[in-house]
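Spelled out, the chains give:
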Protein chains: 2
Amino acid sequence: MNSDTSSAEQAGQKTPGRPRQFDRDAALAAAMRVFWVHGYAGASIATLIDAMGISRATLYASFGDKEHLFRHVMDLYEREKTAYMLDALDQPTARRVAEHLLRGTLDLQTDTATPKGSMGIVHSVSYAPGDERIHEFVTERGRFWRAKLLERFEQAARDGDFPATYDPHGLAMLLKSATDGLLVAASSGVSEQDLDKVVSTFLKMWPGR
Amino acid sequence: MNSDTSSAEQAGQKTPGRPRQFDRDAALAAAMRVFWVHGYAGASIATLIDAMGISRATLYASFGDKEHLFRHVMDLYEREKTAYMLDALDQPTARRVAEHLLRGTLDLQTDTATPKGSMGIVHSVSYAPGDERIHEFVTERGRFWRAKLLERFEQAARDGDFPATYDPHGLAMLLKSATDGLLVAASSGVSEQDLDKVVSTFLKMWPGR
DNA sequence: CCTATTATGGAACGATCGGTATAGCAACTT
DNA sequence: AAGTTGCTATACCGATCGTTCCATAATAGG
């Protein structure tokens, strides 16, 4: 019933029963790639267990059903793939925030170990009937980041990082849109060179410091 | 076998047999909404015929299999939903091109009859195993528009629409990315008011005329 | 050794997938 | 009337869907 064995794992203490024979995070990383490329509906259990290198029953025993597996994957995704977003918020000026966010996004697309595009976008633009909870879960994460960015840019407005003629709300939403647009472009097979041009051009027209 | 009855339709000539009793484009529009919201893999035949108001056999007799149906839908999509993109290319300056493209995208999101976001993006960011041809077909359309936009901005550079310090290639790719990002935001439930702010802020920082 | 507990692989579950076939009626043309 | 096509309903096909069951393997504490 309970798939949460993390407490025993992190302590490294001896647990009764047969020990797990696979790397939990490595398996989740493999599942992440499948969800990333094919989407929740397009990622069948057969495809998942093939990529993860475990059997059907092991998947259900270790991670619960498909929805629970996806939530475990999202945890790993935010922990390993979107950490740079939090760093971006800590940058001293609005321009530096934009620069860090966009360069971080660019770096992620350069990493050959991860698929192109964004797993978040994949699950926010469409969802199969019955997968409404997955869609809602992911879009909520999008709302979270938009709120964080808005909050940061309201501070930037108070700091005078950009002319008062610019709306911090507009700049925040535009930055998020530019980031998402960059990720869509990456999904569409746009070259790294062109993606870099998008970022540098955007930063060139960005107002203020 | 042959689902192409358009030649008889457009001529209005008398054909033997019972005439079609449903509106072909209306049925395709209903199918378009299903593909748009749920994606190709998430749009089951049962869901499609339910939305289109026709029977299973009629769907196959009239449109061919699922892939053919999708291609018919894409025809309608480009004919009715993306016509403003061609208009945008005809605008006299680079700024006007950007303005027309973004405002057109915004108008499409305001239309309550069509789903939020973009059917193109839905099918370019992910695809189920076996649906590679659908993915390729859609991403090819994306490449087409990027090429068109690049071509237009190279002309704009020659016209001196923006400072020579800006790369037309970068501006073209950025504009496409901004448009896609706007559509992702719309999919994520961002309000029309906020979408409008994204557009106005982007146009405010856009260089040149 | 035993028992308890957990991990694992293979088989099987009912449901749904895309697609086809059949039968029969409906609505038109010649 | 005869011929042709449109459409619905139903049943069916093999394949795949997500999920569960079960026997077995591998460890722990006793």
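Residues numbered from 1 in each chain as written. Chains lettered and ligands numbered in written order. Predicted model: local features only at pLDDT ≥ 70, side-chain atom pairs only at ≥ 80, totals over all residues. Heavy atoms only, no water.

Enquirer: Describe the interface of chain A and chain B, with residues and values.
Expert: Counting from both sides, the interface comprises 43 residues of chain A and, opposite them, 43 residues of chain B. Of all residues in chain A, A:Val125, A:Leu174 and A:Met205 bury the most surface against chain B, accounting for 16% of the area lost on that side. Connecting chain A to chain B are two salt bridges. Here B:Lys197 ties to A:Asp167 by a salt bridge, and the two come within 3.4 Å at their closest N and O atoms. In this structure, the connection of chain A to chain B is made through 12 residue pairs in polar contact (both at pLDDT 80 or more). For the side of chain A that touches chain B, the elements supplying multiple residues, two or more each, are helix H2 (24-42), helix H8 (119-125), helix H9 (132-159), helix H10 (168-187) and helix H11 (192-205) of chain A. When residues in the side of chain A that touches chain B are grouped by element, the largest group, 12 residues, is from H10(A). Class assignment for the residues of the side of chain A that touches chain B results in 21 nonpolar, 16 polar and six charged. (Contact = heavy atoms within 4.5 Å. Buried area = accessible area lost by both parts, 1.4 Å probe. Salt bridge = Lys/Arg side-chain N within 4 Å of Asp/Glu carboxyl O. Polar contact = N/O pair within 3.5 Å; in protein donor to acceptor, adjacent residues only side chain to side chain. Helix = DSSP H or I, 4+ residues; strand = E, 2+ residues; numbered from the N terminus. Nonpolar A, V, L, I, M, F, W, Y, C, P; charged D, E, K, R; others polar.)

Enquirer: Explain the relation of the copies chain A and chain B to me, using residue names and the numbers behind them.
Expert: Between the two copies, chain A and chain B, the superposition gives an RMSD of 0.2 Å; the rotation angle is 180° and the shift along the axis is 0.1 Å. With respect to symmetry, the two chain copies, as superposed, fit the operation of a two-fold axis. Relative to the rotation axis, the C-alpha of A:Gly181 is the closest in chain A, positioned 1.9 Å from it. Interface overlap between copies is the fraction of interface residues in one copy that are interface residues in the other; for chain A against chain B it reaches 100%, indicating a shared surface. (Least-squares fit on C-alpha atoms with pLDDT ≥ 70 in both.)

Enquirer: Residues and numbers for the packing of aromatic side chains, please.
Expert: Scanning the entire structure with this criterion turns up 18 aromatic pairs over all chains. Ring plane angle 90° and centroid distance 5.1 Å describe the contact between A:Phe35 and A:Phe70, whose orientation is recorded as edge-to-face. Residue A:Phe35 is found in helix H2, and its partner A:Phe70 is found in helix H5 (residues 66-80); the two are separated by 35 residues along the sequence. Assessed through its relative accessible area of 0%, A:Phe35 is described here as buried. According to the relative accessible area criterion, A:Phe70 is buried, its value standing at 0%. Among the aromatic side chains, those forming a connected cluster through ring pairs are A:Phe153, A:Phe162, A:Phe202 and A:Trp206. A:Lys204 extends its terminal NZ or CZ atom over the ring of B:Tyr166, reaching a point 4.9 Å from the ring centre. Here B:Lys66 stacks its cationic end above the ring of B:Tyr40, 4.5 Å away from the centre of that ring. (Phe/Tyr/Trp six-rings, centres within 6.5 Å; stacked < 30°, edge-to-face > 60°. Buried < 20%, exposed > 50% of the residue type's maximum accessible area, 1.4 Å probe, protein only. Lys NZ or Arg CZ within 6 Å of the ring centre and 35° of its normal.)

Enquirer: If you had to explain the protein's contact with DNA strand D to someone new, which residues and values would you point to?
Expert: Taken together, 27 residues surround DNA strand D, and among them A:Ile45, A:Arg56, B:Arg18, B:Gln21 and B:Thr58 come closest. The protein-proximal atoms of DNA strand D, defined as those within 4 Å of the protein, are 64% sugar or phosphate. Contacts to DNA strand D include A:Tyr60, whose side-chain N or O atom sits 2.9 Å from a phosphate oxygen. In the environment of DNA strand D, a phosphate oxygen lies 3.5 Å from a nitrogen or oxygen atom belonging to the backbone of B:Phe22. For the surface near DNA strand D, the secondary structure elements donating two or more residues are helix H3 (45-52) and helix H4 (56-63) of chain A together with helix H4 (56-63) of chain B. Considering every element that reaches the surface near DNA strand D, the biggest residue donor is H4(A), with three residues. For the surface near DNA strand D, the residue count by class is 12 nonpolar, eight polar and seven charged. (Near = heavy atom within 4 Å.)

Enquirer: Account for the environment of B:Leu59, with residues named and values stated.
Expert: All names here are of chain B. Note on placement: Leu59 falls in helix H4. The spacing of Leu59 and Ile45 is 14 residues in sequence and 8.9 Å in space, taken between C-alpha atoms. Residue contacts for Leu59: discarding those within four places in its chain leaves Leu48, Ile49, Met52, Ile54, Gly64 and Leu69.

Enquirer: I'd like a description of the packing of H9(A) against H10(A), backed by residues and values.
Expert: Residues and elements named next belong to chain A. Axis separation between H9 and H10 bottoms out at 8 Å; the angle between their running directions is 135°. Regarding the angle of H9 to H10, the classification is oblique. In this structure, H9 meets H10 at a crossing whose hand is right-handed. Facing Arg146, Leu149, Leu150, Phe153, Glu154 and Ala157 of H9, the residues of H10 in contact are Pro168, His169, Leu171, Ala172, Met173, Leu175, Lys176 and Asp180. Residues that form the contact of H9 with H10 fall into these classes: nine nonpolar, one polar and four charged. (Axes fitted to C-alpha atoms, helices over the stretch in contact; angles between N-to-C directions. Parallel < 35°, antiparallel > 145°, perpendicular 65-115°, else oblique. Left-handed = near helix turned anticlockwise from the far one by under 90°.)

Enquirer: Talk me through the pattern of salt bridges; I want residue IDs and the actual numbers.
Expert: All names here are of chain B. Tallied over the entire structure, the rule returns 20 salt bridges over all chains. Between Arg79 and Asp25 there is a salt bridge, with its nearest N and O atoms 3.5 Å apart. Here Arg79 is found in helix H5 (residues 66-80), whereas its partner Asp25 is found in helix H2 (residues 24-42), with 54 residues between them in sequence. Note on Arg79: relative accessible area 47%, which makes it partly exposed. Accessibility expressed as a relative area gives 31% for Asp25, which makes it partly exposed.

Enquirer: Which residues make up the domain arrangement of chain A, and what values go with them?
Expert: Accessible area lost upon the coming together of the parts serves often as the stated size of an interface. Residue and element names in this part refer to chain A. The domains assigned to chain A are domain 1 (18-78) and domain 2 (81-205). A separation of 26 Å is found between the C-alpha centroids of domain 1 and domain 2. Of the residues lining the interface, 16 residues belong to domain 1; the matching set on domain 2 comes to 22 residues. Here domain 1 meets domain 2 over a buried area of about 1800 Å², counting both sides, of which 67% is carbon and sulfur. Summed over the three residues of domain 1 that lose the most area to domain 2, namely Trp36, Tyr77 and Glu78, the buried surface amounts to 42% of that side. Inspection of the domain 1/domain 2 interface yields two salt bridges. Residues Arg133 and Glu67 are paired through a salt bridge, measuring 3.4 Å at the closest nitrogen-oxygen approach. For the pair domain 1 and domain 2, the interface holds nine residue pairs in polar contact (both at pLDDT 80 or more). Of all the secondary structure elements, the ones that give two or more residues to the side of domain 1 that touches domain 2 are H2 and H5. Residues belonging to the side of domain 1 that touches domain 2 are distributed by class as follows: 11 nonpolar, one polar and four charged. (Domains from an automatic or database assignment.)

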